[in-house]
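Coordinates in review
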Amino acid sequence: MSIEISHVGKRFADFVALDDVSLSIKAGRLTALLGPSGGGKSTLLRIIAGLERADTGRVEIDGVDATRLPPQQRNVGFVFQHYAAFKHLSVRRNVAFGLEIRKRSKEEIRRRVDELLALVHLGQFGDRLPTQLSGGQRQRMALARALAVEPTVLLLDEPFGALDAKVRKELRDWLRRLHDEVHVTTVFVTHDQEEALEVADEIVVINDGRVEQVGAPDDLYDRPANEFVMRFLGPVTQLGDQLVRPHDLQLTTDGGDGVPGRITRVTRIGFEIRVEVTTADGQPVTVTLTRNELLALGIGIGTDVRLRIAPNTPTPTLPPTPTLAPAH
Ligand SMILES: Nc1ncnc2c1ncn2[C@@H]1O[C@H](COP(=O)(O)OP(=O)(O)OP(=O)(O)O)[C@@H](O)[C@H]1O
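Residues numbered from 1 in each chain as written. Predicted model: local features only at pLDDT ≥ 70, side-chain atom pairs only at ≥ 80, totals over all residues. Heavy atoms only, no water.

For the chain, an unreviewed UniProt entry supplies the name Sulfate/thiosulfate import ATP-binding protein CysA and the organism Micromonospora lutea.

1. Some points on the overall build of the chain
Threshold: Strands are runs of DSSP state E lasting at least 2 residues, helices are runs of H or I lasting at least 4, and numbering of each runs from the N terminus. Accessible area is worked out with a 1.4 Å probe on protein chains only. A residue is then buried under 20% of its type maximum, exposed over 50%, and partly exposed in between. In what follows, residue pairs with any heavy atoms lying within 4.5 Å of each other are defined as contacts.
A tally of helices and strands in the chain yields 9 helices and 17 strands. Principal-axis analysis of the C-alpha atoms places the extent of the chain at approximately 80 × 45 × 30 Å. In the chain, buried positions account for 46% of the 328 residues. Counted over contacts in the chain with a minimum sequence separation of 6, partners at least 24 positions apart contribute 63%.

2. Quick notes on the packing of aromatic side chains
Here is the rule: When the centres of two rings from Phe, Tyr and Trp lie within 6.5 Å, Trp using its six-membered ring, the rings pair. Their planes under 30 degrees apart give stacked, over 60 give edge-to-face, and anything left gives tilted.
What the rule picks out here adds up to 3 aromatic pairs. Between F78 and F80, the ring centres sit 4.4 Å apart and the planes meet at 50°, which makes this aromatic pair tilted. Exposure remark for F80: the relative accessible area of 34% places this residue in the partly exposed category. Taking 4.7 Å as the distance between ring centres and 50° as the angle between the ring planes, the aromatic pair formed by F86 and F97 counts as tilted. Of this pair, F86 sits in the loop between β6 (76-79) and α2 (91-101) while F97 sits in helix α2, placing them 11 residues apart in sequence. Under the relative-accessibility criterion, F97 is labelled partly exposed at 29%.

3. Topic: unusual backbone geometry
Unlike most non-glycine residues, D20 shows phi in positive territory, near 55°. Residue position: D20 is located in strand β2 (residues 15-25). Exposure remark for D20: the relative accessible area of 47% places this residue in the partly exposed category. In the Ramachandran plot, N75 falls in the positive-phi region, its phi being about 55° despite a non-glycine side chain. Looking at where N75 falls in the secondary structure, it is placed in the loop between β5 (64-65) and β6. Here N75 falls in the partly exposed class, since its relative accessible area comes to 32%.

4. With respect to the site of the ligand
The cut-off we apply is this: To be near a molecule or strand, a residue needs just one of its heavy atoms within 4 Å of it. Any pair of N or O atoms that falls within 3.5 Å is considered a polar contact. Within protein, one atom must be able to donate a hydrogen and the other to accept it, and sequence-neighbouring residues count only if both atoms are side-chain atoms. We get accessible surface area from the Shrake-Rupley algorithm with a probe of 1.4 Å; when it comes to residues, only the shown protein chains can shield them.
Every residue lining the ligand is accounted for by F12, F15, A17, P36, S37, G38, G39, G40, K41, S42, T43 and E158. Within the backbone of G39, a nitrogen or oxygen atom sits 3.1 Å from an oxygen atom of the ligand. At 2.9 Å, a side-chain N or O of K41 approaches an oxygen atom of the ligand. Considered on its own, the ligand offers 630 Å² of accessible surface; in the complex 59% of this is hidden by protein.

5. Here we look at the sheet that holds strand β8 (residues 185-190)
Here is the rule: DSSP bridges decide pairing: two strands pair if at least two such bridges lie between them. All axes here are fitted lines through C-alpha atoms, helices being fitted over the stretch that makes contact, and every angle between N-to-C directions spans 0 to 180 degrees.
Reading across from one edge, β6-β7-β8-β3-β9-β10 is the order of the 6 strands in this open sheet, with mixed pairing throughout. Where the open sheet ends on each side, the last strands, each with one partner, are β6 and β10 (210-215). Recorded for the sheet is a direction-independent mean angle of 15° between the axes of neighbouring strands. Across 5 bridges, the pairing between strand β7 (residues 153-157) and β8 is parallel. When the bridges of β8 are listed, D157 appears paired with V189. With respect to the sheet, helix α4 (residues 135-148) is in contact with β6 and β7, its orientation differing from that of β6 by roughly 165°.

6. With respect to the pairing of β2
Across 7 bridges, the pairing between strand β1 (residues 3-12) and β2 is antiparallel. Pairing of I5 across the sheet is with L23, part of β2. The antiparallel hairpin formed by β1 and β2 contains 2 residues in its connecting segment, where A13 sits at a positive phi of about 55°.

7. A short note on the nonpolar core
How we decide: For this analysis, a nonpolar core means a set of buried residues of the types Ala, Val, Leu, Ile, Met, Phe, Trp, Tyr and Cys, connected via side-chain atoms within 4.5 Å.
Within the largest apolar cluster, 46 residues are counted, with the highest numbers of intra-cluster contacts made by V95 and I203. In terms of residue count, the dominant contributor to this core is α4 (7 residues). Excluding residues within four positions of it along the chain, V95 makes contact with V113, L116, L117, M141, A144, R145 and A148. Membership of the second largest hydrophobic core comes to 25 residues, among which are I48, I61, V189 and V204.

8. Quick notes on the environment of A225
Examined against the element boundaries, A225 turns out to sit in the loop between α7 (217-222) and α8 (227-233). Assessed through its relative accessible area of 34%, A225 is described here as partly exposed. Here the alpha-carbon distance between A225 and I273, two residues 48 residues apart in the chain, equals 28 Å.

9. Notes on the sheet that holds strand β4 (residues 56-61)
In sheet architecture, strand pairing relies on hydrogen bonds along the backbone and comes in two forms, parallel and antiparallel. Here we have 4 strands laid out as an open sheet, ordered β2-β1-β4-β5, and antiparallel in their pairing. With partners counted over all chains shown, the strands left at the sheet margins are β2 and β5, one partner each. Pairing of β4 with β5, which is carried by 2 bridges, proceeds in the antiparallel orientation. Residue pairing for β5: E60 is matched across the bridge by D65.

10. Looking at the confidence of the model for the chain
This is how it is decided: By definition, pLDDT measures how confident the predictor is in each residue, and it falls between 0 and 100.
Counting all residues, the mean pLDDT for the chain is 90, and 95% of those residues have values of 70 or more. In the model, residues 324-328 has pLDDT below 50 throughout and makes 3 contacts with residues more than four positions away in sequence or in other chains. On the interface metric, ipTM, the complex scores 0.92, and its pTM is 0.87.

Below is the structure:
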């Protein structure tokens, strides 16, 4: 059930949306395609689904060359950000749709739909119309419908993108648990690095039509292949010429070694305190602390401190990313 993408290229007129993309998506895993808007994630997903045709290259699904297969012969389930439900049909009938057109027996359909509704925790809502569901419930119905026909691959394009932050978070947890139960090879598109880090087994970072890096969330976070990946996966700050995560910096007030600076700003964001230290050469450096750490240090605006990188911090040597070079 793996997906092999080899040398896929796609242009829209003279705009290069995908530039020679090769990628192996592992069977049974939950893989995130992560990257900024316009980077090519959806285009790649649509090429895997067969909704878009690659100009060059090859797509293999489960060992079969799918490059020229129409979507309905690829056995993929698809869920979009705005799910188009059949408004006049009940939730049950929406979920049953794919099974009905495949002419499965009434008994089999009833059993399978019951199972699926239970799986997506909509057991008691089967008789409602889609408009009588919340946004989160509707996306769960969409997933049940996509899973009904037992796809070999499940493709999700920002499935929770249109929902508010709290519901998104609930659905992320739920998607992770669902995947742990059904283990269907799943690829989902997101531009939200937290969503990818939290949910995915493997993350593919896509930018400017190219794959920047593929790896497990920890690998990407701790060993980014380049500056783009490091910046995209989480906050970074610069100490001297070293890029580092703000929580990997230590602040001391007892002299010793480290880069001297003075605290110029303290901001609290929920549980996290963001401290800005301006070093002697005028460079602002951000350090994040917990409230207790701040209190224990007894520091505030104007305190002279020293900054150093915490022991055991991964400090990748990063090749420069051309796209981040200043424009001239
Ligand atoms: N049918 C099309 N015609 C012309 N250009 C297109 C078409 N589809 C996509 N593009 C362009 O290709 C680029 C990649 O689009 P794509 O939707 O794959 O990006 P994305 O990474 O999914 O971004 P987003 O997160 O905003 O959806 C964009 O610049 C987009 O404008």
